[in-house]
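Residue-level listing of the chains:
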Amino acid sequence: MKELIAKRYVKAFSRVATQEELNVAMNIFARLSNVYDIVKFQEIMESPYIAIEKKVDFIIQDILENKIDSKMINFIKILAEHNRLDLFPELYKEVSSYVSFLKKEYVAFLIVNEDYGEVKVKDFESKFSKKLGVNLLLEQKIVQKNGIKLVVEDLGIEISFSQDKFINDLKNHILRAF
């Protein structure tokens with residue numbers, strides 16, 4: 001639910017913001033998202049005893065150190081008016097996803113059972129980037145499953161080959177033949 005609400009706010013903000021302002025907003029939301037992981041900050045933001053104006057002042061002056069423009073100040077005030085100060089992690093995800101969409105740069109995960117080395121990963125990165133028509137930043141994750149999987153979450157792409165599934169499919173095909 002929070003993701004849908006954050007998506008609406010990001011959509012509205014992106015209509016009036018430039019590419020540079022979106023990058024700045026992404027950095028601000030990244031910082032606020034990291035701060036939101038602190039329990040004391042969550043308590044302050046969720047407390048009904050602290051006035052909304054004090055919460056906004058705390059965010060702008062203490063957390064962001066007055067280093068933001070008037071658009072972001074107004075955006076944070078709007079979030080506060082609608083009791084949406086708990087959306088910072090979701091806003092960060094949505095803004096970074098939208099900026100990636102504009103730049104056509106996406107993070108992909110190559111999930112494998114052994115380390116393929118930097119040269120092979122860069123080769124995969126360039127081939128899949130060319131195939132998909134976007135810039136991919138490939139990160140390798142090593143797991144204990146046999147097979148290989150490429151996941152680009154923002155594009156909704158998942159390509160996988162599993163040795164276990166292949167063997168099971170082959171067995172089923174042979175059994176159906178008899």
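Residues numbered from 1 in each chain as written. Predicted model: local features only at pLDDT ≥ 70, side-chain atom pairs only at ≥ 80, totals over all residues. Heavy atoms only, no water.

(A) View of a negative patch on the surface. On the surface, Glu 53, Asp 57, Asp 62 and Glu 81 cluster together to form a negatively charged patch. Topologically, Asp 62 is positioned in helix 4 (residues 52-63). Take Asp 62: its relative accessible area is 48%, and that puts it in the partly exposed class. (Patch = residues over 30% accessible without salt bridge, like charges linked within 9 Å, V, L, I, M, F, W, Y side chains within 5 Å. Areas by Shrake-Rupley, 256 points an atom, 1.4 Å probe, with all protein chains shown as cover. Salt bridge = Lys/Arg side-chain N within 4 Å of Asp/Glu carboxyl O. Lys, Arg positive; Asp, Glu negative; His and termini not counted. Charge placed at Lys NZ, Arg CZ, Asp CG, Glu CD. Helix = DSSP H or I, 4+ residues; strand = E, 2+ residues; numbered from the N terminus. Buried < 20%, exposed > 50% of the residue type's maximum accessible area, 1.4 Å probe, protein only.)

(B) Molecular detail of the packing of helix 1 (residues 2-16) against helix 6 (residues 88-103). Between helix 1 and helix 6, the least distance of the axes is 9 Å, while the angle of their chain directions is 50°. As summarised for this structure, helix 1 and helix 6 are arranged oblique, according to the angle between their axes. You can see that helix 1 and helix 6 cross each other, and the crossing is right-handed. Across from Lys 2, Glu 3, Ala 6, Lys 7, Tyr 9, Val 10 and Ser 14 in helix 1, the residues of helix 6 making contact are Glu 90, Leu 91, Glu 94, Val 95 and Tyr 98. Broken down by class, the residue content of the contact of helix 1 with helix 6 amounts to six nonpolar, one polar and five charged. (Axes fitted to C-alpha atoms, helices over the stretch in contact; angles between N-to-C directions. Parallel < 35°, antiparallel > 145°, perpendicular 65-115°, else oblique. Left-handed = near helix turned anticlockwise from the far one by under 90°. Contact = heavy atoms within 4.5 Å. Nonpolar A, V, L, I, M, F, W, Y, C, P; charged D, E, K, R; others polar.)

(C) Molecular detail of the environment of Leu 32. Locating Leu 32 in the fold gives a position in helix 2 (residues 19-36). When neighbours within four sequence positions are excluded, Leu 32 is seen to be in contact with Ile 59, Ile 63, Leu 64, Ile 76 and Phe 88.

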